[in-house]
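Examination of the molecular architecture
Chain residues, written in single-letter form:
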Amino acid sequence: SQQGEEDPQALSIQEGENATMNCSYKTSINNLQWYRQNSGRGLVHLILIRSNEREKHSGRLRVTLDTSKKSSSLLITASRAADTASYFCATVKMDSSYKLIFGSGTRLLVRP
Amino acid sequence: GAGVSQSPSNKVTEKGKDVELRCDPISGHTALYWYRQSLGQGLEFLIYFQGNSAPDKSGLPSDRFSAERTGGSVSTLTIQRTQQEDSAVYLCASNIAGSTDTQYFGPGTRLTVL
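Predicted model, so just to flag it, every value in this text is computed and none were measured.

Rules used in this analysis
- Residues numbered from 1 in each chain as written.
- Chains lettered and ligands numbered in written order.
- Predicted model: local features only at pLDDT ≥ 70, side-chain atom pairs only at ≥ 80, totals over all residues.
- Heavy atoms only, no water.
- Contact = heavy atoms within 4.5 Å.
- Buried area = accessible area lost by both parts, 1.4 Å probe.
- Salt bridge = Lys/Arg side-chain N within 4 Å of Asp/Glu carboxyl O.
- Polar contact = N/O pair within 3.5 Å; in protein donor to acceptor, adjacent residues only side chain to side chain.
- Helix = DSSP H or I, 4+ residues; strand = E, 2+ residues; numbered from the N terminus.

Time to look at the interface of chain A and chain B. Opposite the 22 residues of chain A that make contact, chain B presents 27 residues. Interface area for chain A against chain B, summed over the two sides, is near 1,800 Å², with a carbon-plus-sulfur share of 49%. It is Arg41(A), Tyr98(A) and Lys99(A) in chain A that bury the most area against chain B; as a group they hold 38% of the surface buried on that side. In this structure, the connection of chain A to chain B is made through one salt bridge. Put simply, Arg50(A) and Asp101(B) hold a salt bridge, and the shortest N to O gap is 2.9 Å. Summed over the shared surface of chain A and chain B, the result is seven residue pairs in polar contact (both at pLDDT 80 or more). Mapped onto the side of chain A that touches chain B, the elements with two or more residues apiece are β4 (29–37), β5 (43–50) and β9 (85–93) of chain A. Broken down by element, the side of chain A that touches chain B gets its largest block of residues, five residues, from β4(A).

Take a look at the structure:
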């Protein structure tokens, strides 16, 4: 079963606006990662935040992690039409397992 | 170097037939993962190979599913007696064994069982 839940399931914004996606998880984690998927195929890694980190930036991306609430958010600033994709959070649990546990994803549409 | 490659890109098969899906990980990556993504869903872990250790098969949904990794490199996921519910995109990923960090994904194989 999947650990992560994401909201919203779908998000439609105008180019230039910011997009915020949220992810919740259930167990203690080693790290949380965000991936992007275009056209339902291969995933591209965006950013990783470790359990002892609270915020991380990469270009127009900002990720926050609140381990007390078991939640994370991904903010894309100044969105572009090319940001249209599905975004997934994935966690690595705090055990010897290395597998990623994915959320159900947020479908982002950025209108030109 | 080259990324993770998967073949075939698309596979259409009839119910009851067996299929083999191939994954070629990034050179030097000793960990290899298979995931499945059903239509409109998130990814579901299937199996994990780490070097010469016994694979973690905890995500395989039934005994019709099996996977092997020969020579610590290429992996084949086999689905026997395919069912319509097996229709999905099968994604392979690789990274350095023992790493909890980024996994590098291939483009996936879209399997359609008629």
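What follows covers unusual backbone geometry. Trans is the common state for peptide bonds, and a negative phi is the common state for residues other than glycine. The step from Asp7(A) to Pro8(A) runs through a cis peptide bond, and the omega angle for that step is -5°. Here Pro8(A) shows up in the loop between β1 (5–7) and β2 (10–14). For the peptide bond that leads from Ser7(B) to Pro8(B), omega is -5°, which places it in the cis range. Checked against the element boundaries, Pro8(B) lands in the loop between β1 (5–7) and β2 (10–13).

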